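What the coordinates show
Residue strings, one per chain:
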Amino acid sequence: MGDFMRQRSKRQEDSGLGSVLDVLLANARLVLGVTGAAVLAIATLAVKRLIDRATSPRDEGDPKAEQKTLEESWQDLALIKAAPNPTKKQRREDLSEPLLAPAQPPAPEPRVCSAPLEPPRLEPIPPRCLTLQEKLLSHYSSRLAVPEVEASLALQLARSICTQLQRFLRSKCPELPLGNLFLSGALLDGLGALAADRIHIMLPVVLDTALWSLIPGEDTVVRNPQYWMIKRTDLEYFPRGCSPWDRFIVGRYLSSNMLNETLHKLLVASINWPAIGSLLGSIIHPVVASQELKLEVKHDQVELSITLFPVVEMEDKVLLAAPPEGLVENLWLESFYKAEVSKVKELDAGDAGARQHCLRILNGICKSHPTLHKLSGSPLTHIILHLSTTSSDWAEESLAERFQEVLEELVGYLEQGVLPSYFDHRINLFCELLEEEIDEMGFMLYRAIAEPELLLKEQ
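Now for a quick tour of the structure. (Residues numbered from 1 in each chain as written. Predicted model: local features only at pLDDT ≥ 70, side-chain atom pairs only at ≥ 80, totals over all residues. Heavy atoms only, no water.)

This paragraph deals with the packing of helix H8 (residues 337-351) against helix H10 (residues 378-388). One can describe the packing of H8 onto H10 by two numbers: an axis separation of 11 Å at closest approach and a directional angle of 40 degrees. Viewed along their axes, H8 and H10 form a crossing whose handedness is left-handed. Across from Glu340, Lys343, Val344 and Leu347 in H8, the residues of H10 making contact are Ser378, Thr381, His382, Leu385 and Ser388. (Axes fitted to C-alpha atoms, helices over the stretch in contact; angles between N-to-C directions. Helix = DSSP H or I, 4+ residues; strand = E, 2+ residues; numbered from the N terminus. Left-handed = near helix turned anticlockwise from the far one by under 90°. Contact = heavy atoms within 4.5 Å.)

Below is the structure:
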């Protein structure tokens, strides 16, 4: 009876404890979630079993009951260890913390390979489409610009030769009033030299204005305003011999041909060019077969062609001893080169323009092109000067636009066959071009207006 009462009391206690556990587990499910509640239930069950075994009497002297109790305890402990850890519930303040980056998987150990690894293939970067201005500047800097070392060496050699030539002429012909020789040309003025290979030496011929006068080209037999004649005046009062230059008179006119022939003989036969060349570390020899007064200079780094031009500056005119081919030998060619260079630089200085840069590019392209080489020099300069009267925007950013505009102007002038000089509209700078040459140039430039890159290709 006593055992029965103890078992009944135990069932009541179990019932009361079970009710408490049910309430706890129900609330734990709400608070901890399903997984947390399951873990708590397993732990609670194990603790309950331990409490039951500790409070319930066991038969003394029963080894099986004691062994069973130990085995059950081990099983309960195993249940507690085997139960998974509950996931931590995220607090509200934890939501504002930055998320941790996912753990990087461990890098695999490198395997030793006998064959070398191939380098990774890189996708080629597509080339950027260049603008016309970028193409023009790149073409000029990579193919047309003269290296500074070559230009400096060429100018140094030319100045040394100019000095030696002036000393010789003053000692050989002291009676002739000659001015100081000076250098000229695109390499010196920076207006489009394609190579450091051409320089002009100007030989000033000083005339007495009381004994000489200019005859315009329209009043001569050639009827060309670009060629002038220099006439000896007042022979009745100042007979021949009064002027040192009377020895070069043909029919009362100062003969450019006779002067050139005399200077040619001096250059070829009277000057010790081998000695001068050895002094300058180069080889110098005059060109015998040329009608021009030319010297060929060979140096280890440059090869230079120097042309000597007798020049007369009189009545605001600059006349060169460069007569046209033919029977007329007393003509002097009017040169606008000095005025061209001065005017272009003056305009650029006035508006910070890029006329000189545009002219260098155009000269370089035309000189290197087999069809357009006769357009380089004065024709291009005069077109830019004409265009400057109508186009005011010559900034560096508008270089490509002005380049195309010059091409359009060239085509228009070639269609007419006439390019008037900027300084004298009576002079046609295309007068020496053949009709076939004009057609070829016009066709080439007409195509270049639509596709300017044609002028930038290798010729």
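Our focus in this paragraph is the packing of aromatic side chains. Going through the model one piece at a time under the given rule, you end up with 3 aromatic pairs. Between Trp245 and Phe248, the ring centres sit 5.8 Å apart and the planes meet at 40 degrees, which makes this aromatic pair tilted. Assigned by exposure class, Trp245 and Phe248 land together as buried. A ring pair is formed by Tyr422 and Phe423, whose centres lie 5.2 Å apart and whose planes are at 90 degrees; its orientation type is edge-to-face. Classification of Tyr422 by relative accessible area gives partly exposed; the value is 23%. Classification of Phe423 as partly exposed rests on a relative accessible area of 33%. Counting every residue linked through ring pairs, the aromatic cluster contains Phe336, Tyr422 and Phe423. We note Arg232 situated over the ring of Trp212; from NZ or CZ to the ring centre the distance is 5.9 Å. (Phe/Tyr/Trp six-rings, centres within 6.5 Å; stacked < 30°, edge-to-face > 60°. Buried < 20%, exposed > 50% of the residue type's maximum accessible area, 1.4 Å probe, protein only. Lys NZ or Arg CZ within 6 Å of the ring centre and 35° of its normal.)

On to the environment of Ala158, then. Tracing the backbone shows Ala158 in helix H4 (residues 148-172). The exposure class assigned to Ala158 is buried, which follows from its relative accessible area of 0%. In this structure the C-alpha to C-alpha distance between Ala158 and Arg198, which are 40 residues apart in sequence, comes to 9.7 Å. If we ignore the near neighbours within four places in the chain, the residues touching Ala158 are Leu183, Ile199, Ile201, Leu304 and Ile306.

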